[in-house]
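Spelled out from the first residue to the last, the chains are:
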Amino acid sequence: MKNQIICITGASSGIGWATAKIFANQGARLILCGRRKEKLEKLEQQLQTDCHLLCFDVRDRNAVFAAFEGLADSWKKIEVLINNAGNAHGLDPVQTASVDDWEAMIDGNVKGLMYVTKAVLPSMIAAQKGQIINLGSLAGKEVYPNGSVYCSSKFAVDAFTQGLRIDLNTLGIRVGAIHPGLVETEFSQVRFKGDKERAAKVYQGIEALTAEDVASAINYMVSVPERVAIADLVILPTRQANAYIQHRT
Ligand code: 8X3
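None of these values were measured; they are calculated from a predicted model.

Enquirer: So what exactly am I meant to see when it comes to unusual backbone geometry here?
Expert: When glycine is set aside, most residues are seen to have a negative phi, and most peptide bonds are trans. One non-glycine residue, Asn3, adopts positive backbone phi at about 70°. Tracing the backbone through its elements, the reader meets Asn3 in the segment before strand S1 (5-8). Of note, Asn146 is a non-glycine position whose phi angle comes to about 70°, a positive value. The topology assignment puts Asn146 in the loop between strand S5 (130-135) and helix H6 (148-167). Given a relative accessible area of 36%, Asn146 falls into the partly exposed group.

Structure representation (structure tokens):
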């Protein structure tokens, strides 16, 4: 992994941040993408490795393509892409949910992930090697009440991952997705628009995964021999059986 160029979207918090740390500790060179420049700079200061910051919103198609086209030659050969950026907005039935929330999820989790993938692919295709890991979710495997559009966005990530693996099959590029269940990050605070109390309830009475748990599974997907492609990895807290059954005490 030493000196490999690894690009992480949504690097400024949660799973993205934890993943950046784990790769930095192994000497990877990191392209850290996020919306918040100050947060990215703060992260960069904590990492003892060569970093390049790209500040854009994955929903902004032109900004995404411009960011990757503008990379200096020394940063162009991205070997691993971690498509981590994405969020949940709201937890409401279709009939009362906000259309703005829907757009934020579809534009970011689905279209944004597709833009970044397409923008990064040319250098992997030229090298005839590379790896793309998409952050799916348990919500991309099971639909739960009030999650119709968030789940739709993650089902789309799952389908896109499968399609991408088919399309890139002759090119030596590994494609996989990781699907976490409950992870205690800013996820629920974003979903509930800053309502910390409501967010805290999501993790009450159950030991949720940490961002570091997911990051170490991503590290595993990247660290296996090149002949091995971890295609699909569901990771749950021990006390979560599926989207509905969680043992809380
Ligand atoms: C996060 C997992 O199950 O809360 O994507 O939707 S879940």
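Next comes the rest of the account.
Enquirer: Just to check I follow, could you spell out the side chain of Thr19 for this structure?
Expert: With respect to the helices and strands, Thr19 occurs in helix H1 (residues 14-24). By relative accessible area, Thr19 is classed as buried at 0%. Excluding its chain neighbours within four sequence positions, the residues that come into contact with Thr19 are Ile8, Ala215 and Ile218.

Enquirer: Is there a simple way to explain the pattern of salt bridges in this structure?
Expert: Side-chain pairs of opposite charge can arise where the charged atoms are in close proximity. One pass over the structure, following the stated rule, counts nine salt bridges. Among the salt bridges present, the one from Arg29 reaches Asp50, with a minimum N-O distance of 3.1 Å. Here Arg29 is found in strand S2 (residues 29-34), whereas its partner Asp50 is found in the loop between helix H2 (37-46) and strand S3 (51-55), with 21 residues between them in sequence. Its relative accessible area of 41% is what places Asp50 among the partly exposed residues. With a shortest N-O distance of 2.6 Å, Lys141 and Asp232 are connected by a salt bridge. Here Lys141 is found in the loop between S5 and H6, whereas its partner Asp232 is found in strand S7 (residues 232-235), with 91 residues between them in sequence.

Enquirer: Please clarify how the side chain of Arg174 should be interpreted in this entry.
Expert: Structurally, the position occupied by Arg174 is in strand S6 (residues 173-180). This buried residue, Arg174, is left without a salt bridge; Glu226 holds the nearest opposite charge, at 6.0 Å. Within polar-contact distance, the side chain of Arg174 engages the backbone oxygen of Val228 at 2.7 Å. Discounting residues that sit within four places of it in the chain, Arg174 has contacts with Gly130, Gln131, Ile132, Met221, Val222, Val224, Pro225, Glu226, Val228 and Ala229.

Enquirer: What's the story with the site of the ligand in this structure? I'm lost.
Expert: Residues in close proximity to the ligand include Ser137, Ala139, Tyr144, Tyr150, Pro180, Gly181 and Phe187, which together make up its full environment. In isolation the ligand exposes 240 Å². Once the protein is present, 86% of that is buried. Residues of the shell around the ligand, tallied by class, amount to five nonpolar, two polar and no charged.

Enquirer: Sorry if this is basic, but what is going on with the packing of H1 against helix H9 (residues 211-223) here?
Expert: Two packed helices can be described by the angle between their axes and the distance between those axes. One way to put it is that H1 packs onto H9 with a least axis distance of 8 Å and a crossing angle of 50°. Judged on the interaxial angle alone, H9 and H1 are oblique. Crossing of H1 over H9 shows right-handed handedness. Contacts between H1 and H9 involve Gly14, Ile15, Ala18, Thr19, Ile22 and Phe23 from the first element and Ala211, Glu212, Val214, Ala215, Ser216, Ile218, Asn219 and Val222 from the second. Its residues assigned to classes, the contact of H1 with H9 comprises nine nonpolar, four polar and one charged.

What counts and what doesn't
Residue positions within a chain follow its written sequence, with the count starting from 1. Totals for whole chains, interfaces and linings use every residue, but because this is a predicted model, local features are given only for residues with pLDDT of at least 70 and side-chain atom pairs only at 80 or more, for both listing and counting. Working from all heavy atoms in the structure, the side-chain values ignore hydrogens and water. Numbering of helices and strands starts at the N terminus; helices are DSSP runs of H or I of at least 4 residues and strands are runs of E of at least 2. Three labels apply to residues, based on accessible area from a 1.4 Å probe with only protein chains included: buried if under 20% of the type maximum, exposed if over 50%, partly exposed otherwise in between. Residues count as neighbours in contact if any of their non-hydrogen atoms are within 4.5 Å of one another. Here a salt bridge means any side-chain nitrogen of Lys or Arg lying within 4 Å of a carboxyl oxygen belonging to Asp or Glu. For the purpose of charge, His is not counted, nor are the chain termini; Lys and Arg are scored as positive and Asp and Glu as negative. Any pair of N or O atoms that falls within 3.5 Å is considered a polar contact. Within protein, one atom must be able to donate a hydrogen and the other to accept it, and sequence-neighbouring residues count only if both atoms are side-chain atoms. A cutoff of 4 Å decides nearness: a residue is near a molecule or strand if any of its heavy atoms lies inside that distance of it. Shrake-Rupley sampling with a 1.4 Å probe provides the accessible areas, and residues are treated as covered by the protein chains on show and by no other component. Residue type decides the class: Asp, Glu, Lys and Arg count as charged, Ala, Val, Leu, Ile, Met, Phe, Trp, Tyr, Cys and Pro as nonpolar, and the leftover types, Gly among them, as polar. Axis angles are defined between N-to-C directions and span 0 to 180 degrees, where every axis is a line fitted to C-alpha atoms and, for a helix, only to the segment in contact. In these notes the angle categories are as follows: under 35 degrees is roughly parallel, over 145 is roughly antiparallel, 65 to 115 is roughly perpendicular, and the rest is oblique. With the far helix as reference, a near helix turned anticlockwise by less than a right angle produces a left-handed crossing, and one turned clockwise produces a right-handed crossing.

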